[in-house]
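# Inside the fold
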Protein chains: 2
Amino acid sequence: MKPDIYYMKKALQQAEKASLIGEVPVGALLLLPDGSAFAEHNAPISQHDASAHAEMRVIRNACKASNNYRLTGSTLYVTLEPCTMCAGAIVHARIARIVYGAAEPKTGAVESLYQLLSDQRLNHQTEVVSGMLAEESSTLLKQFFKARRKKRKTNNIQ
Amino acid sequence: MKPDIYYMKKALQQAEKASLIGEVPVGALLLLPDGSAFAEHNAPISQHDASAHAEMRVIRNACKASNNYRLTGSTLYVTLEPCTMCAGAIVHARIARIVYGAAEPKTGAVESLYQLLSDQRLNHQTEVVSGMLAEESSTLLKQFFKARRKKRKTNNIQ
């Protein structure tokens, strides 16, 4: 296995791809214990799927590829703190460890609004590393929303 | 539109289908404002997908069919209180109303462990009706787990 930052950079590349097609730039990579990896970006608009966050897409792809609804021993890298939906899926898939970038104060369900991955009432807990490449992830998101606001403003004037 | 109980019975029929293939018996039906309906059962094991809860499957199917990642004005019927993953997807899809059957004290994220659908910090709230056909839903779940325990015990003896 390579160091965490190697995989996080791959997740960040996915976030950049999302930005290019007008999706909120979030990227994820799921690493299975056998070394195989699955990378995707956020894509609810283009996929016509409210659940198509980057995390959900890599979890689904990895489950399909391994013919298993559990991903025991795997690590999920994601550029932004997961929401309640994605944190729930992380628990269901029994993911061992997540590494994330920027915090999400409005919807984050790992440390910000909720702490779902350490909730002892649930039947699985996940190790958490936060803040990796947070600055890069955050800058990408800020640029995306700034450009979108500018575009909307221009459209309103015309 | 027909009364809620009509759709909840359809959701319960889906739960029964799940039970027959060895999946935890939970069923859901999503009703769009135009009257079209999507029904599915819980299927993580058979679909090789940790996220394949009944609610997620109807949300995905309805999004795909309507070419939209939002399901504004829709109602979700589900036989068991949704978990954090499904409650998160309900918020993302902007579902207007949910009607559910039995409470889920161990993982429920609508009223039991968390109250995600009424969290004012999130950007959408969903109207909730609970307890509809709760007894029927609960009986189905109890029978399923009782049969599974019996089967496991028999297998251990042999």
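Small disclaimer: the values here were computed from a predicted structure and weren't measured. (Residues numbered from 1 in each chain as written. Chains lettered and ligands numbered in written order. Predicted model: local features only at pLDDT ≥ 70, side-chain atom pairs only at ≥ 80, totals over all residues. Heavy atoms only, no water.)

## Remarks on the sheet that holds strand E3 (residues 75–80) of chain B
Residues and elements named next belong to chain B. Cut-off, in case you're wondering: A pair of strands is treated as paired once DSSP finds two or more bridges between them. Secondary structure elements follow DSSP: runs of H or I of four or more residues count as helices, runs of E of two or more count as strands, with numbering from the N terminus. Interaxial angle, 0 to 180 degrees, is taken between N-to-C directions of lines fitted to C-alpha atoms, where a helix line uses only the stretch in contact. Contacts: residue pairs with any heavy atoms within 4.5 Å of one another.
As summarised here, the arrangement of the five strands in space is E2-E1-E3-E4-E5, forming an open sheet in which the pairing is mixed. For this open sheet the edge positions go to strand E2 (37–41) and strand E5 (127–130), each flanked by a neighbour on one side alone. Mean inter-strand twist for the sheet, computed between neighbouring axes without regard to direction, equals 15°. In this structure, strand E1 (residues 27–31) lies alongside E3, joined through four bridges in antiparallel fashion. Note on E3: the bridge partner recorded for Ala28 is Val78. Sheet contacts for helix H3 (residues 54–66): E1, E2 and E3; angle to E2, the most-contacted strand, approximately 145°.

## What to know about the environment of Leu117 of chain B
All names here are of chain B. Among the secondary structure elements, Leu117 is positioned in the loop between strand E4 (97–102) and E5. For the pair Leu117 and Thr84, spaced 33 residues apart in sequence, the C-alpha separation works out to 9.9 Å. In this structure Leu117 touches Ala87, Ile90, Val91, Ile98, Ala109, Val110, Gln125, Thr126 and Val128, once residues within four positions along its chain are discounted.

## Observations regarding the relation of the copies chain B and chain A
Selection criterion: Least squares is the method for superposing the copies, and the C-alpha atoms it fits come from residues with pLDDT of at least 70 in both.
When chain B is fitted to chain A, the best match, at an RMSD of 0.0 Å, comes from turning it 180° and sliding it 0.0 Å along the axis. Such a combination of rotation and displacement between the chain copies is what one expects of a two-fold axis. If distances are taken from each C-alpha of chain B to the rotation axis, the shortest is found for Met85 of chain B, at 1.8 Å. An overlap of 100% is found between the interface residues of chain B and their copies at the interface of chain A, pointing to a shared contact surface.

## Let's talk about unusual backbone geometry
Residues and elements named next belong to chain B. Under the convention used in this document: Burial status follows relative accessibility: with a 1.4 Å probe on protein chains alone, a residue under 20% of its type maximum counts as buried, one over 50% as exposed, and anything between as partly exposed.
Unusually for a residue other than glycine, His48 sits at a positive phi of about 50°. Looking at the element boundaries, His48 is found in the loop between helix H2 (44–47) and H3. Accessibility expressed as a relative area gives 28% for His48, which makes it partly exposed. One non-glycine residue, Leu133, adopts positive backbone phi at about 55°. Mapped onto the fold, Leu133 is located in the loop between E5 and helix H5 (134–157).

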